[in-house]
Amino acid sequence: MKPDAKPLESTKYEGKEVRLCTDGKYRWTYPMNMLTNPSVYITVCKIFGSMFAIAFILAYIRPLFRGEFAQIASDLKWWGVAVLVFLAISGLAYLIVAAQYGWKYIVRFTMDENGVVHEQIPAQHKKAVKMGGSLAAAGALAGSPGRIGQGLLIATHTSLASDFKVVRSVKPLRRWHTIKVNEPFAKNQIYTTPEDFDFVLDYIRSHCPKVK
């Protein structure tokens, strides 16, 4: 740091959307376009992709040890079909949710030297609760634990806080105006305007002691 440089806390940054409030915290609201920014959909696909991988390993761990490679290879095409069906269904579900949100995922962020909070606006929170409750009820009637779990996740997961002390990696995706803030058991996504992107990225990185 240059001798005349000021710590980030002492600067009163006033960007396009990011504002320093009287309590010493930076706040801004970002309307993420759900059609042009696929980061949320990609995250969902990664989660369920991991579930598919675990299911595949559990289903074939015994045949693998028995050397039944021909059977495993024969079944791979059905797993491939299942993945394609999943992608089609999840894509359609994503478009339905995006349409319910008016094609915008609107998030409020609060950031200080301790961490950053990603919070869905109340109006969309209510829609998420309704959609999550309906999906959970449908899953219960159909006897599907997976759908129940998905529904409850939508209904309850409307905010996420990242503690800078335990953040392990910070990954900027400038093209999508997204900064991924990853902890060992939690992954947050921070959205900013292009004008505010560098400030938010530098602020987060400078306050995460475990990030190089």
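Note that the structure is a prediction, hence the values are computed from the model and not measured. (Residues numbered from 1 in each chain as written. Predicted model: local features only at pLDDT ≥ 70, side-chain atom pairs only at ≥ 80, totals over all residues. Heavy atoms only, no water.)

(A) Up close: a nonpolar patch on the surface. Residues Trp-78, Val-81, Val-85 and Ile-89 make up a contiguous nonpolar surface patch of about 420 Å² in total accessible area. Note on placement: Val-85 falls in helix α2 (residues 69–100). For Val-85, a relative accessible area of 43% puts it in the partly exposed group. (Patch = residues over 30% accessible without salt bridge, like charges linked within 9 Å, V, L, I, M, F, W, Y side chains within 5 Å. Areas by Shrake-Rupley, 256 points an atom, 1.4 Å probe, with all protein chains shown as cover. Salt bridge = Lys/Arg side-chain N within 4 Å of Asp/Glu carboxyl O. Helix = DSSP H or I, 4+ residues; strand = E, 2+ residues; numbered from the N terminus. Buried < 20%, exposed > 50% of the residue type's maximum accessible area, 1.4 Å probe, protein only.)

(B) View of the pattern of salt bridges. All chains considered together, the criterion is met by six salt bridges. The salt bridge involving Arg-27 is made with Asp-23; its shortest N-O contact spans 2.9 Å. One salt bridge connects Asp-163 with Lys-165, and the closest N-O pair in it is separated by 3.3 Å. Overall, Asp-163 belongs to the partly exposed group, its relative accessible area being 28%. When its relative accessible area of 52% is taken as the criterion, Lys-165 is described as exposed.

(C) Spatial organisation of the nonpolar core. Residues Trp-28, Met-111, Ile-179, Ile-190, Val-200 and Ile-204 are the most contacted members of the largest nonpolar core, which totals 31 residues. Counting only elements with at least two residues in this core, the list comes to β2 (26–33), α1 (39–65), α2, β3 (104–112), β7 (178–183), β8 (186–191) and α5 (194–206). Examining the composition of this core, we find that six residues originate from one element, α5, more than from any other. Beyond its immediate sequence surroundings of up to four residues, Met-111 is in contact with Lys-25, Tyr-26, Trp-28, Val-116, Phe-164, Phe-199, Val-200, Tyr-203 and Ile-204. (Core = buried A, V, L, I, M, F, W, Y, C linked by side-chain atoms within 4.5 Å. Contact = heavy atoms within 4.5 Å.)

(D) Structural context of the environment of Met-32. By the secondary structure assignment, Met-32 is in strand β2. Using a relative accessible area of 0% as the deciding quantity, one classes Met-32 as buried. When neighbours within four sequence positions are excluded, Met-32 is seen to be in contact with Asn-37, Ser-39, Val-40, Trp-103, Lys-104, Tyr-105 and Tyr-191.

(E) Structural detail: the pairing of β2. Burial along β2 is one-sided: the face carrying Tyr-26, Trp-28, Tyr-30 and Met-32 is buried and the face carrying Arg-27, Thr-29, Pro-31 and Asn-33 is not. Of the pairings in the sheet, the one linking strand β1 (residues 19–20) to β2 comprises two bridges and is antiparallel in character. Note that in β2 the partner of Arg-19 across the bridge is Arg-27. Hairpin connection, β1 to β2: the antiparallel pair is bridged by five residues, and Gly-24 has positive phi, about 85°. When β2 meets β3, the two strands line up antiparallel, connected through eight bridges. Looking across to β3, one finds that Pro-31 is bridged to Ile-106. (Pairing = 2+ DSSP bridges.)

(F) Broad picture of the pairing of β3. Where β3 lies against strand β4 (residues 115–120), six bridges are found, and the strand directions are antiparallel. Bridge pairing links Val-107 to Gln-120 in β4. The hairpin formed by β3 and β4 contains two residues between the paired strands.

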